[in-house]
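Each chain is listed here by its residues.
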Amino acid sequence: MPGEAMLAVRDLRVTFGLVRAVDGVSLEIGRGPFGVALVGESGSGKTTVGRAILRLVPAAGGTIRFEGRDVLGLRGRSLREYRRAAQIVFQDADNSLDPRMRVGATIGEVLKAHGLAARGLAAHGTAGRGAVGDRVAALLREAALAPELASRYPHQLSGGQRQRVAIARALAVSPRLLVLDEPTSALDVTAQARILALVRRLREERQLAYLLITHNLAIIPGLCEQAVVLYLGRVAEAGPTAGLLARPAHPYTLALRSAVPEVDAAARRSRIILPGDAPHAATPPPGCPFHPRCPLALGACRTDVPGLRTVAPGRQVACHRAEEVFSGLRPPGAAAQLADERPGGPLTTEP
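Structural notes, computed from the coordinates. Note that the structure is a prediction, hence the values are computed from the model and not measured.

1. Digging into the packing of helix α6 (residues 159-171) against helix α7 (residues 189-205)
Part 1 of the reasoning: The geometry of α6 relative to α7 is characterised by a closest axis approach of 9 Å and an angle of 20° between their N-to-C directions. Taken together, the axes of α6 and α7 lie roughly parallel to each other. Along this stretch, α6 crosses α7, giving a crossing that reads as right-handed. Taken together, the residues of α7 that come into contact with α6 (itself represented by Gly160, Gln163, Arg164, Ile167 and Leu171) are Ala191, Arg194, Ile195, Leu198 and Leu202.

2. Brief notes about the pairing of strand β7 (residues 177-181)
Part 1 of the reasoning: The element β7 is largely enclosed, with a buried count of five among its five residues.
Part 2 of the reasoning: Burial along β7 is two-sided: the face carrying Leu177, Val179 and Asp181 and the face carrying Leu178 and Leu180 are both buried.
Part 3 of the reasoning: Summarising the sheet, strand β6 (residues 86-89) and β7 pair through four bridges and their orientation is parallel. If you follow Ile88 over to β7, its bridge partner there is Val179.
Part 4 of the reasoning: In terms of strand pairing, β7 meets strand β8 (residues 209-214) through five bridges, oriented parallel. Looking at β8, one finds that Asp181 is bridged to Ile213.
Part 5 of the reasoning: For the handedness criterion, the β-α-β arrangement of β7, α7 and β8 is classed as right-handed.

3. Considering the packing of aromatic side chains
Part 1 of the reasoning: In total, this model carries four aromatic pairs according to the counting rule given.
Part 2 of the reasoning: Aromatic pair Phe66 and Tyr82: ring centres 5.3 Å apart, planes at 70°, arrangement edge-to-face. Here the residue Phe66 occupies a position in strand β4 (residues 61-66), and Tyr82 occupies one in helix α2 (residues 76-85), the gap between them amounting to 16 residues. With respect to burial, Phe66 and Tyr82 carry one shared label: buried.
Part 3 of the reasoning: Their ring planes at 65° and their centres at 4.8 Å tell us that Tyr231 and Tyr252 sit as a pair that is edge-to-face. A residue pair is termed long-range when its members are at least 10 positions apart, and Tyr231 in strand β9 (residues 226-231) and Tyr252 in helix α9 (residues 251-258) qualify at 21 residues. For the pair Tyr231 and Tyr252, one class covers both residues: buried.
Part 4 of the reasoning: Following the ring pairs from residue to residue traces out a cluster consisting of Tyr231, Tyr252 and Phe290.
Part 5 of the reasoning: One residue, Arg247, lies across the ring of Phe326, its end atom 4.1 Å from the ring centre.

What counts, and where the lines are drawn
Residues numbered from 1 in each chain as written. Predicted model: local features only at pLDDT ≥ 70, side-chain atom pairs only at ≥ 80, totals over all residues. Heavy atoms only, no water. Axes fitted to C-alpha atoms, helices over the stretch in contact; angles between N-to-C directions. Helix = DSSP H or I, 4+ residues; strand = E, 2+ residues; numbered from the N terminus. Parallel < 35°, antiparallel > 145°, perpendicular 65-115°, else oblique. Left-handed = near helix turned anticlockwise from the far one by under 90°. Contact = heavy atoms within 4.5 Å. Buried < 20%, exposed > 50% of the residue type's maximum accessible area, 1.4 Å probe, protein only. Pairing = 2+ DSSP bridges. Right-handed = clockwise from strand over helix to strand, strands pointing away. Phe/Tyr/Trp six-rings, centres within 6.5 Å; stacked < 30°, edge-to-face > 60°. Lys NZ or Arg CZ within 6 Å of the ring centre and 35° of its normal.

Here it is, written out as structure tokens:
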């Protein structure tokens, strides 16, 4: 990506006892407005990556650099400043919002904890005794909520409203980087659309950079310039979002892409159903971690761990058959052509 990255993660490893929850993940997030999607099934390690970036779980190895500074080495005041610059919106607002605190108090607490209640509010056009209340009202309006909701408790709000309160709370300290952990997973379709529209607006208005953690490939076009696909704590594929979705080069990405519903009948593709569930990170299989479920696995996949390699400009894939998949190889019964793939000839399928 052009220019120096705002956030650079290299070979990140996170362990819980003998479990390798994150195993050698690398990614970069450019200065905003810029989005990176971290995609994978439940248990893939994507939430752990986000929490490790914010120092909410300890890293066992690797490096995290934010605007050139070593995040893992920050202490005291420096760490506090970093946590103002980088904020997280948790997946479940029901659990991240205190049910005993009114919305206004929840957001106001952040301002007070970071010393913004006594200083810095004048820059937002507020001063005097009602400064915190005025700032809370402004944040609620920015999150497309009525300021009157400040007097309510979380249980008095809808799921979408609670998630927007969580976003308003994260914005209170004017962060430059957001980690959005499955911000739409517990919401209905209408509420999802409103949250995504809010993120799209805020990225431009605030020049935000963010890591969007999701299992749903359908929400990342138009929001994320880059995408990283995780499987069992490892990067399976990474690259520009448009190219990765149009021409996957890893069988796992291909299966995720096939699960995205298409309204246009002509654009629909055969669904690739993966057998079983992902293995537990405590007992990863030998060789490629995806091979027990992969419909294109070869003998080498069962013994040799594939390293990330470049198959196209900006595209990295960890698969022994990456070039074949990128060129059109599909599992039996999944020969529906992707919208953007090469015309003029049938796709190859595994015999």
